[in-house]
Amino acid sequence: MRTVAWPFKGGRVVVDLEVPTRRERATAHRAHPRRRRWVRLVVWGLLVAVVGWAVWLVVDGLRARHELNAAAALVSQMQRAGLSGDVDVVDAHLATTQEHARAALDATHGPHWSVARWVPWLGGHVDAVQATSEVVHGLTTSVLPDLVEVSGTMDPATLVPAQGRVDVQRLAEAAPVVTSAAAGVDSAAERLTRVQTTGLVGPIARPVERLREQVGELAALTSTAAKAVTLLPPMLGAEGPRTYLLLVQNPAEPRATGGIPILTRLRADDGLITLVDQQTAAVGNLREPVVPLTDEEMALFGPQLGSYLANVTLTPDFPRSGELAAAIWEHERGETLDGVLSIDPVALGLMLEATGPVTTPDGTALTAETAPTALMNTIYLDSEDKDDRDEFFMGATGTIFDAVLSADWPAAPMVDALAEAARQGRVMVWSAHDAEQERLNGTVLSGELRGSVGDTPVIGLYVNDGTASKIGYYLDADVVTTTSADGTEIIVEATFTSTAPPDAGTYPRYVAGDGRNTEPGNIRANVLLYAPTGGVVREVQRDGEPIGVHSSLHDGLQAVGTTLDLQPGQAKTLHYSLQLNHPNHIPPNLTTTPLAGKGT
């Protein structure tokens, strides 16, 4: 120890300092190399441990990726085999797929992964990798076995009527297993939605996003399958006979969900489907609606919506159309219906791609290509006799249904045809049984009026004929939606075109129109645009000029209507500016009237 004194004015301060002596400094100098060696050893040890830990993660990550890719390839093979009905291939690949999934799960779990979860930035990547392996393992061990078990039942061939009868008992037995599988897929999809991919490196983020998309698609399929095996048995008469009214809508005279219909009565009993009879839609035409209409419905569609069966599809809400059609039918025919179905000539043409050509009672050959035109246009050009036209239409549709019910066709193309028709809005189903309708709601078959699906806004654009003729066959539409950069505005550009030839005014009156509503050959279209939930239509322009519109509310959605008159070959564009009540960057869904041509 050394004593140090500092003088200052008025005295001095004495401080004792701990200053090493020369001997102490020499001793310390000799000790430092040993301490430094230990420090270096610890540092190098930690570095080796960290590098080893990182290599371990990388090696296991690469191994997991290999195993997951192998599992995905096998699942794709199983899917193709399942769709083609090759159950043996599905069975053969199941165990191997599960082995790959288990190996991927093992490779992404362990103490080194647990430590990595706590490392800033790295933790998000670990969560994404582990979620991927957990979801794939869960799907292969819990869901795939269930789907394999019922793969024979879910084969499209199961839905092919054998001697006109669908095996509804087999479908009913598969329902619990399919429902369980659908719940498992939903759980996996929900797990993936919780994984945040923002900020992750591409090689991690992209596979997670791809898996999320694939599982989402699988969830939609299994949900549809679960609803099908639950709904089809009772709806096809497994629990007692059912009677349905089928509306064969004709877009040549457009209505919001299709067109003016021809009526077909169907009977289903223990899976056996029969066509009972057919007639025109001239049923009702009553003084008053058979059930009360809302003020909104009266303002938009008038009393015939609920008093004349030919006009029940003026509303874009098909469940309401079904309810009204059933009420009118019961009032006029005294028969209670179990449901109302809808289809159109374009859908019938798609079905002919599976059945092959048919010949109508009058000897006309119909193919997938010629049937829609024959039913929506040619017959009206060739015959001015209403009874002849109705007889041809009913005879043609009856012949097509006979071909479908004969079951002399490959299953997969028919399923594809019906699925495509449903996506286009050309096949819809309403059940008079509340529990069944609850399951139909939200499906592609429901045809319900909606302003949103989850967070996705839904915009509706519908057409009702104002010409009172079949000139609507020549109406075409092209619709484009654009969302503003800030997500608060949606622009809808709808261009309507008459593809009628210049001499359309000389066509038979039933096609060209009688001139009371507009000049013969012109198309008069009453166009309704429905804003999404919480949206407001701020402005409507026609060919760049602001116009006035009729505005109303319908089921809580703003609906604006305008009338277009189109001369042959003429096009007009409606421009809608829609304001949202909060920013939304999700592209909107668009639901439209399925027109006779390419439609919207």
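## Looking at the packing of aromatic side chains
By the definition in use, this model includes four aromatic pairs. With a centroid separation of 6.4 Å and 40° between ring planes, the pair formed by Tyr474 and Tyr507 is classed as tilted. With a gap of 33 residues between them, Tyr474 in the loop between strand 11 (456–465) and strand 12 (475–483) and Tyr507 in the loop between strand 13 (489–498) and helix 15 (509–512) connect regions that are remote in the sequence. In this arrangement the basic side chain of Arg333 is found over the ring face of Trp329, its NZ or CZ atom lying 5.4 Å from the centre. Directly above the ring of Tyr380 sits Lys470, whose terminal nitrogen or CZ lies 5.2 Å from the centroid.

## Remarks on the side chain of Gln249
Locating Gln249 in the fold gives a position in strand 3 (residues 242–255). Side-chain polar atoms of Gln249 contact the backbone nitrogen of Gly258, separated by 3.4 Å. Here the side chain of Gln249 touches Thr313 through a polar contact of 3.4 Å, side chain to side chain. When sequence neighbours within four positions are dropped, the list of residues in contact with Gln249 reads Arg255, Thr257, Gly258, Gly259, Ile260, Pro261, Thr313, Ser342, Ile343, Asp344, Pro345 and Met428.

## Observations concerning the pattern of salt bridges
Taken as a whole and judged by the stated rule, the model has 19 salt bridges. With a shortest N-O distance of 3.3 Å, Arg191 and Glu134 are connected by a salt bridge. A residue pair is termed long-range when its members are at least 10 positions apart, and Arg191 in helix 6 (residues 168–193) and Glu134 in helix 4 (residues 122–149) qualify at 57 residues. You can call Arg191 buried: its relative accessible area is 18%. Its relative accessible area of 32% is what places Glu134 among the partly exposed residues.

## Comments concerning the sheet that holds strand 3
Sheets are built from strands paired through backbone hydrogen bonds, the pairs being either parallel or antiparallel. Reading across from one edge, 5-4-3-6-9 is the order of the five strands in this open sheet, with mixed pairing throughout. Each edge of the open sheet carries a strand with a single partner, namely strand 5 (272–280) and strand 9 (428–431). Strand-to-strand, the axes of this sheet are offset by a mean angle of 25°, without reference to chain direction. Relative to strand 5, strand 4 (residues 258–269) runs antiparallel, the two being bridged by eight bridges.

## Examining the sheet that holds strand 19 (residues 571–579)
Spatial strand order, 12-13-19-15-16: five strands in an open sheet with antiparallel pairing. Strands with a single pairing partner mark the edges of an open sheet, and in this sheet they are strand 12 and strand 16 (545–546). Pairing geometry for strand 12 and strand 13, over nine bridges, is antiparallel. Residue pairing in the sheet places Leu475 in a bridge with Ser498 of strand 13.

## Topic: a negative patch on the surface
Taken together, the side chains of Asp362, Asp385, Asp387, Asp388 and Glu391 define an acidic patch exposed on the protein surface. Along the polypeptide, Asp388 turns up in helix 12 (residues 386–406). Judged by relative accessible area, which is 41%, Asp388 ranks as partly exposed.

## Notes on the packing of helix 11 (residues 371–382) against helix 12
Running from N to C, helix 11 and helix 12 point in directions that differ by 160°, and their axes come no closer than 10 Å. It follows that helix 11 is roughly antiparallel to helix 12 by the angle criterion. As helix 11 runs across helix 12, the sense of the crossing is right-handed. In this structure, helix 11 contributes Ala374, Leu375, Ile379 and Tyr380 to the contact, and helix 12 contributes Arg389, Phe392, Phe393 and Ala396.

So, how was this worked out
In this convention, every chain numbers its residues from 1, walking through the sequence in written order. Per-residue local features are limited, in this predicted model, to residues with pLDDT of at least 70; the limit for side-chain atom pairs, both in listing and counting, is 80 or more; totals at the level of whole chains, interfaces and linings are taken over all residues. Side-chain measures were taken over the full set of non-hydrogen atoms in the model, leaving aside hydrogen atoms and water. Two rings from Phe, Tyr or Trp (for Trp, the six-membered ring) form a pair when their centres are within 6.5 Å of each other. A pair whose planes differ by under 30 degrees is stacked, one over 60 is edge-to-face, and the rest are tilted. Going along the chain from the N terminus, every DSSP run of H or I of four or more residues is numbered as a helix, and every run of E of two or more is numbered as a strand. Whether a charge lies above a ring is judged from NZ of Lys or CZ of Arg, which has to be within 6 Å of the ring centre and within 35 degrees of the ring normal. Pairs of N or O atoms are called polar contacts if they sit within 3.5 Å, as long as, within protein, a hydrogen donor faces a hydrogen acceptor (for residues adjacent in sequence, only side-chain-to-side-chain pairs). In what follows, residue pairs with any heavy atoms lying within 4.5 Å of each other are defined as contacts. Think of a salt bridge as a Lys or Arg side-chain nitrogen and an Asp or Glu carboxyl oxygen that are within 4 Å of each other. Each residue gets one of three labels from its accessible area relative to the maximum for its type: buried under 20%, exposed over 50%, partly exposed in between, using a 1.4 Å probe on protein chains only. The pairing criterion is simple: DSSP has to find at least two bridges between the two strands. Axis definition: a line fitted to C-alpha atoms, over the contacting stretch in the case of helices. Angles run 0 to 180 degrees between N-to-C directions. Like charges are joined within 9 Å and nonpolar side chains (Val, Leu, Ile, Met, Phe, Trp, Tyr) within 5 Å, but only among residues with over 30% relative accessible area and no salt bridge; these make up the patches. Methods summary: accessible areas were calculated by the Shrake-Rupley approach with a probe of 1.4 Å, and residue burial reflects only the protein chains presented. Asp and Glu count as negative and Lys and Arg as positive, but His and the ends of the chain are not part of the count. The atom standing in for a charge is NZ when the residue is Lys, CZ when it is Arg, CG when it is Asp and CD when it is Glu. Roughly parallel refers to an angle under 35 degrees, roughly antiparallel to one over 145, roughly perpendicular to one between 65 and 115, and oblique to any angle outside these ranges. Crossings are assigned a handedness: left-handed for a near helix turned anticlockwise from the far helix by less than a right angle, right-handed for a clockwise turn.

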